[in-house]
Amino acid sequence: MNLHIETPLLPSRALSLESRRSVWLKLEALQPSGSFKLRGVGHACTHYARQGARRFISSSGGNAGLATAYAGRRLEIPVTVVVPETTPERATELLAREQAEVRVHGASWQEANELALSLLGKNDAFLHPFDDPLLWQGHAGLIDEVAAAGLKPDAIILAVGGGGLLCGVAQGLHRHGWDELPIIAVETEGTASFHGAVEAGRLVKLAKISGVATSLGANQVCAQALQWVGRHPVTTTLVSDRSALSACERFLDDHRLLVEPACGAALAVAYEETALLERYRTVLVVVCGGATATSEQLRQWRRQTAHQPLS
Ligand SMILES: *Cc1c(COP(=O)(O)O)cnc(C)c1O
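A quick note: this is a predicted structure, and the numbers were derived from the prediction, not measured.

Enquirer: Looking at this structure, I do not really get unusual backbone geometry. What am I missing?
Expert: Most peptide bonds are trans, and most residues other than glycine sit at a negative phi. Even without being glycine, Glu 76 reaches a positive phi, approximately 60°. Residue position: Glu 76 is located in the loop between helix H3 (63–75) and strand E4 (79–83). Taking the relative accessible area as the measure of exposure, Glu 76 reaches 72% and is therefore exposed. In this structure, Gln 99 is a non-glycine residue whose phi angle is positive, near 70°.

Spelled out as structure tokens, the structure:
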């Protein structure tokens, strides 16, 4: 049984006109947990359940935690999510809706994560938000669906946080012999841990993460993400918070879907960055989604960033 759904793949008239090429959307925002995370997390949870796990533990107050909570509820396995005190009330509310036990602990994610790991008993499974081959395997299914639909784009645009989505998409591309199909990996300026790693040629740890794209806020990407850069054409690019937010608003009007700025970052490249896409006639945007933003929150962020320049 799959916990995720097969998502719609559709051409965007609005984005195609804006970007003067054919833009397709893979609508991961429609996953029941609100983001693509359910593909990998659902796959991993199902695997751990088969192996006898009696509880799932996560330290993500974001979409990975939500996907774990959703998977646990569907599989009838209890879920504990440890989140730091900084976690917005909206996130704990969404977790509670999925019947997860939410424990608030520590001033930072590191402290919450330490407690989460210390809770791990013999029959518990820990769900990492991005660094687990089971996750990548689950995420790769997204590309299987694109291939099955008969679409082969000239490039794929996706957002990068810890790099789990990128690893899954790259794995999916290779499984279909699409080894040369370029990936455009987008981060915001305040979450550029992948861009920094690619520039340096080794993993780097950001001292500070900032800005509105909270779901991209991994201070270090997984090693596998950097390894893909040696085996697959990957271009990194950065957008401003203001661009990501503006893309969220335009996308809401164009496609009537509210997505997080993490997803807005990827959309911003299709809305704005034509130079990067110059060589491509058909591009696919992974609309990764995100359940933690509200329309009110977007408006607030927009007021805060109104003075900043676009891209
Ligand atoms: C987790 C997440 C990302 C980034 O995915 P990684 O696998 O961490 O790179 C992007 N967008 C949304 C909405 C997410 O939840």
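Having put the structure on the table, let's press on.
Enquirer: What is the right way to look at the site of the ligand in this model?
Expert: Taken together, 16 residues lie near the ligand, and Lys 37, Asn 63, Gly 161, Gly 162 and Gly 163 sit nearest. For the ligand, an oxygen atom lies 2.7 Å from a polar atom in the side chain of Lys 37. Measuring from an oxygen atom of the ligand, one finds a backbone N or O atom of Leu 165 at 2.8 Å. Protein chains bury 98% of the 380 Å² of accessible surface belonging to the ligand in isolation. Tallied by class, the residues present in the shell around the ligand amount to 7 nonpolar, 8 polar and 1 charged.

Enquirer: Mind showing me how you'd approach the pattern of salt bridges here?
Expert: Per the counting criterion, the structure on display carries 10 salt bridges. Among the ionic pairs, Arg 250 bridges to Glu 18, the shortest N-O distance being 2.9 Å. Placement of the pair is Arg 250 in helix H10 (residues 241–255) and Glu 18 in helix H1 (residues 13–19), with a sequence separation of 232 residues. For the salt bridge of Glu 296 with Arg 303, the shortest nitrogen-to-oxygen distance reads 3.9 Å. You can call Arg 303 exposed: its relative accessible area is 56%. Each of Lys 26, Glu 28, Arg 39 and Glu 145 takes part in a single network of salt bridges with overlapping partners.

Enquirer: It is not clear to me how the environment of Leu 66 should be interpreted in this structure. Could you clarify?
Expert: Mapped onto the fold, Leu 66 is located in helix H3. When its relative accessible area of 5% is taken as the criterion, Leu 66 is described as buried. With 25 residues separating them along the chain, Leu 66 and Val 41 place their C-alpha atoms 9.6 Å apart. Leave out the neighbours within four places in its chain, and Leu 66 touches Ser 33, Leu 94, Leu 95, Ala 291 and Thr 292.

Enquirer: Teacher, can you tell me more about the environment of Tyr 48 here?
Expert: For Tyr 48, the location among the structural elements is in helix H2 (residues 37–50). For the pair Tyr 48 and Asp 124, spaced 76 residues apart in the sequence, the C-alpha separation amounts to 8.8 Å. Leaving out residues up to four positions away in the same chain, Tyr 48 has contacts with Ala 53, Phe 56, Ala 125, Phe 126, Leu 127, Asp 132 and Leu 134. Side chain to side chain, Tyr 48 and Asp 132 meet in a polar contact 2.8 Å long.

Enquirer: Help me understand the pairing of E4 in this model?
Expert: Burial within E4 is extensive, with 5 of its 5 residues counted as buried. Here E4 shows a buried face lined by Val 79, Val 81 and Val 83 and a second buried face lined by Thr 80 and Val 82. With 3 bridges connecting them, strand E3 (residues 55–58) and E4 associate as parallel partners. Looking at the pairing, Phe 56 lines up with Val 79 of E4. Regarding the hand of the β-α-β motif, the stretch spanning E3, H3 and E4 is right-handed. In the sheet, E4 pairs with strand E5 (residues 101–104) via 4 bridges, with the strands oriented parallel.

Enquirer: Is there a simple way to explain the sheet that holds E5 in this structure?
Expert: By definition, the strands of a sheet pair up through backbone hydrogen bonds, in either a parallel or an antiparallel sense. Reading across the sheet, the 4 strands line up as E5-E4-E3-E6 and stay open at both edges, with parallel pairing between neighbours. Looking at strand neighbours, the two that pair on one side only are E5 and strand E6 (124–126), the edges of this open sheet. Adjacent strand axes in the sheet meet at a mean angle of 20° when their direction is disregarded. Packed onto the sheet, helix H5 (residues 109–118) meets E3, E4, E5 and E6 and runs at close to 150° relative to E4.

Enquirer: Just checking my understanding: could you explain the side chain of Thr 188 for this structure?
Expert: Mapped onto the elements, Thr 188 comes out in strand E8 (residues 183–188). For Thr 188, the side chain forms a polar contact with the side chain of Thr 191, separated by 2.8 Å. If we ignore the near neighbours within four places in the chain, the residues touching Thr 188 are Ala 213, Leu 216, Leu 238, Val 239, Asp 241, Ala 244 and Ala 265.

Enquirer: Please explain the packing of helix H7 (residues 164–175) against helix H9 (residues 223–231) as it appears in this structure.
Expert: Where H7 contacts H9, the two axes come as close as 9 Å, and the packing angle between them is 35°. The chirality of how H7 crosses H9 is left-handed. Two secondary-structure elements touch here, H7 through Leu 166, Cys 167, Ala 170, Gln 171 and His 174 and H9 through Gln 224, Ala 225, Trp 228 and Arg 231. Of the residues belonging to the contact of H7 with H9, the class tally is 5 nonpolar, 3 polar and 1 charged.

Conventions used here
Residues numbered from 1 in each chain as written. Predicted model: local features only at pLDDT ≥ 70, side-chain atom pairs only at ≥ 80, totals over all residues. Heavy atoms only, no water. Helix = DSSP H or I, 4+ residues; strand = E, 2+ residues; numbered from the N terminus. Buried < 20%, exposed > 50% of the residue type's maximum accessible area, 1.4 Å probe, protein only. Near = heavy atom within 4 Å. Polar contact = N/O pair within 3.5 Å; in protein donor to acceptor, adjacent residues only side chain to side chain. Areas by Shrake-Rupley, 256 points an atom, 1.4 Å probe, with all protein chains shown as cover. Nonpolar A, V, L, I, M, F, W, Y, C, P; charged D, E, K, R; others polar. Salt bridge = Lys/Arg side-chain N within 4 Å of Asp/Glu carboxyl O. Contact = heavy atoms within 4.5 Å. Pairing = 2+ DSSP bridges. Right-handed = clockwise from strand over helix to strand, strands pointing away. Axes fitted to C-alpha atoms, helices over the stretch in contact; angles between N-to-C directions. Left-handed = near helix turned anticlockwise from the far one by under 90°.

These figures capture arrangement, not role.
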